[in-house]
Amino acid sequence: MYDVIVIGGGPAGMSAALNFGRGLKETLVIDAGEPRNKVEEVSNGFLTQDDISPHEFRENARKDVLKYDTVALTQDRVTDIEKDGEIFTVTTESDEFKSRQVLLAAGLREETPDIENFDAFYGTSAFYCPWCDGYELKGKRLAVMADEDSTSNLVMLIANWSRDLIICTDGKSLLNDEDKAMLKEKGFDYNESPISRMKGRDGKLEALEFEDGTTETVEGMFARMNWDTDFDFLETLDPDREDGGGLRTNPLSETSVQGLFAAGETKTSVASQQINAAASGADVAKSMMIGLMKEEFKKL
Ligand SMILES: Cc1cc2nc3c(=O)[nH]c(=O)nc-3n(C[C@H](O)[C@H](O)[C@H](O)COP(=O)(O)OP(=O)(O)OC[C@H]3O[C@@H](n4cnc5c(N)ncnc54)[C@H](O)[C@@H]3O)c2cc1C
């Protein structure tokens, strides 16, 4: 039996695993090998790891973690978690494992915008996070996909990196007269017509075609994704959720199921950055180990 099973081998899960290894805890990391950032060529903004490919980042993480004898990694997909008394049983597509604690570090489920060809450009010239990818698109002609919650905020953010913007709503009437006047005053274009498709080659976005028959030349796009943490494998344990749908956790990052913790984007329920996820994994691992150490100390 393991002390801890970590579900997810991204920065949150691997940073936790590194700390579990250093804390001498028997640890299994189960990772499906489907990171959300697999679509991007390079990842930016992590001190000492700036401009690194996600693949190289993961290989480095693997090397760091496998230095510790008590940590094992397996590529598999978790399908269910059950708890009987104090013991968790984690079922995967091909096996079953038991542990005293479980760390959820499975990132987010992501739904990309329903626009023809979006996925051909996602991660190379279409993004959602200006902190991650704004620098590479600075000064370029960019499309900004507005949504109900964040039109003015997103435009304000992206305008930091480029003043050559076209605001799109993909068929939704989101821009009121005040918004339109503001965009016009700042010299930004807008088009509320549905986007019929994205055009370009080799991952480089070149134009947006709209249902109103117009075509706009653009070199990049920022759009909002939909994210959640409604993983099928949580159906049996069914931990409590906040009103917004995210997992409810206490200050130690423990869910309503004792011994079941969350880290990284699974904990925050919104996208962040690798450095935040890694820091979260390290923090939560220490909280979890203090619980294990207290139990072990009683038995000394
Ligand atoms: C297009 C794009 C560009 C980005 N650019 C940057 C950037 O430049 N800089 C930056 O810092 N961040 C960037 N990010 C964000 C960054 O990828 C995330 O913030 C970070 O990876 C989150 O870490 P995590 O460990 O919480 O989740 P993830 O890295 O998503 O890891 C979760 C892991 O859990 C696994 N998993 C999921 N379900 C299961 C299951 N049932 N069983 C087993 N394993 C499972 C997945 O396979 C995955 O490997 C980008 C993301 C995207 C999508």
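- Under the annotation held in an unreviewed UniProt entry, the chain carries the name Thioredoxin reductase and is attributed to Lacicoccus alkaliphilus DSM 16010.
- As its UniProt record puts it under Cofactor (unreviewed entry), the chain is described as follows: "FAD".
- A UniProt comment under Subunit (unreviewed entry) is attached to the chain, and it reads "Homodimer."

### Overview of the domain arrangement of the chain
Reasoning step 1: Each assigned domain of the chain is listed with its residue range as follows: domain 1 (2-110 + 226-298) and domain 2 (113-222).
Reasoning step 2: Here the C-alpha centroids of domain 1 and domain 2 sit 34 Å apart.
Reasoning step 3: The partner domain 2 presents eight residues to the ten residues of domain 1 that form the contact.
Reasoning step 4: For the pair domain 1 and domain 2, the two sides together bury roughly 760 Å², of which 49% comes from carbon and sulfur.
Reasoning step 5: It is Val39, Asn44 and Gln273 that lose the most area in domain 1 upon contact with domain 2, and together they represent 51% of the buried surface on that side.
Reasoning step 6: Where domain 1 touches domain 2, the interface holds zero salt bridges.
Reasoning step 7: Remark: the boundary between domain 1 and domain 2 carries three residue pairs in polar contact (both at pLDDT 80 or more).
Reasoning step 8: When the residues that make up the side of domain 1 that touches domain 2 are grouped by side-chain class, the tally is three nonpolar, three polar and four charged.

### With respect to the environment of alanine 126
Reasoning step 1: You can see alanine 126 is positioned in strand β8 (residues 126-127).
Reasoning step 2: The class for alanine 126 is buried, based on a relative accessible area of 0%.
Reasoning step 3: Between the alpha carbons of alanine 126 and asparagine 191 there is a distance of 18 Å; along the sequence they are 65 residues apart.
Reasoning step 4: When near neighbours in sequence (up to four residues on either side) are disregarded, alanine 126 contacts Phe118, Phe121, Met198 and Met221.

### A look at the UniProt feature "domain: FAD/NAD(P)-binding" (unreviewed entry) in the chain
Reasoning step 1: The feature "domain: FAD/NAD(P)-binding" (unreviewed entry), as annotated in UniProt, sits at residues 2-143 in this numbering.
Reasoning step 2: The span residues 2-143 shows a helical share of 23% and a strand share of 32%, and its end C-alpha atoms are spaced 48 Å apart.

### As for the packing of helix α1 (residues 11-22) against helix α2 (residues 54-65)
Reasoning step 1: Where α1 contacts α2, the two axes come as close as 9 Å, and the packing angle between them is 20°. By the angle class used here, α1 and α2 are roughly parallel. Both α1 and α2 take part in a crossing whose hand is left-handed. From α1, Pro11, Met14, Ala17 and Leu18 reach across to α2, where they touch Phe57, Ala61, Arg62, Asp64 and Val65.
Reasoning step 2: Split into classes, the residues belonging to the contact of α1 with α2 amount to seven nonpolar, no polar and two charged.

### Examining the packing of α1 against helix α8 (residues 274-298)
Reasoning step 1: Put simply, α1 and α8 touch, their axes get as near as 7 Å, and they point 40° apart. Considering their axes alone, α1 and α8 lie oblique with respect to each other. α8 is crossed by α1, and the crossing has right-handed handedness. Side by side, α1 and α8 meet where Pro11, Ala12, Ser15, Ala16, Asn19 and Phe20 of the first sit next to Gln274, Ala277, Ala278, Gly281, Ala282, Ala285, Lys286, Met288 and Met289 of the second.
Reasoning step 2: When the residues that make up the contact of α1 with α8 are grouped by side-chain class, the tally is ten nonpolar, four polar and one charged.

Cut-offs applied
- The numbering scheme is per chain: residues are counted from 1 as the chain's sequence reads.
- In view of the model being predicted, local features appear only for residues whose pLDDT reaches at least 70, and side-chain atom pairs are presented and counted only at 80 or more, with totals across whole chains, interfaces and linings using the full set of residues.
- Side-chain descriptors were evaluated using all non-hydrogen atoms of the structure, hydrogens and water having been removed beforehand.
- UniProt positions are given in the numbering used here, feature names are shortened, and annotations may be inferred rather than shown by experiment.
- Each domain's extent is set by a domain assignment, obtained either automatically or from a database.
- Two residues form a contact once any of their heavy atoms are found within 4.5 Å.
- Throughout, the accessible surface (probe 1.4 Å) given up by two parts as they are put together, summed over both, is called the buried area.
- For this document, the term salt bridge refers to a Lys or Arg side-chain nitrogen within 4 Å of an Asp or Glu carboxyl oxygen.
- In protein, a polar contact requires one atom able to donate a hydrogen and another able to accept it; more generally it is a pair of N or O atoms within 3.5 Å, and residues adjacent in sequence count only if both atoms are side-chain atoms.
- Under the scheme applied, nonpolar residues are Ala, Val, Leu, Ile, Met, Phe, Trp, Tyr, Cys and Pro; charged residues are Asp, Glu, Lys and Arg; polar residues are all the others, including Gly.
- Numbering goes from the N terminus for both helices and strands, where a helix is a DSSP run of H or I of at least four residues and a strand is a run of E of at least two.
- Throughout this description, buried means an accessible area under 20% of the type-specific maximum (1.4 Å probe, protein chains only), exposed means over 50%, and partly exposed covers the range between.
- Each axis is a line fitted through C-alpha atoms, and for a helix only the stretch in contact is used; angles between axes span 0 to 180 degrees, taken between their N-to-C directions.
- Here the angle decides the label: under 35 degrees means roughly parallel, over 145 means roughly antiparallel, 65 to 115 means roughly perpendicular, and every other value means oblique.
- With the far helix as reference, a near helix turned anticlockwise by less than a right angle produces a left-handed crossing, and one turned clockwise produces a right-handed crossing.

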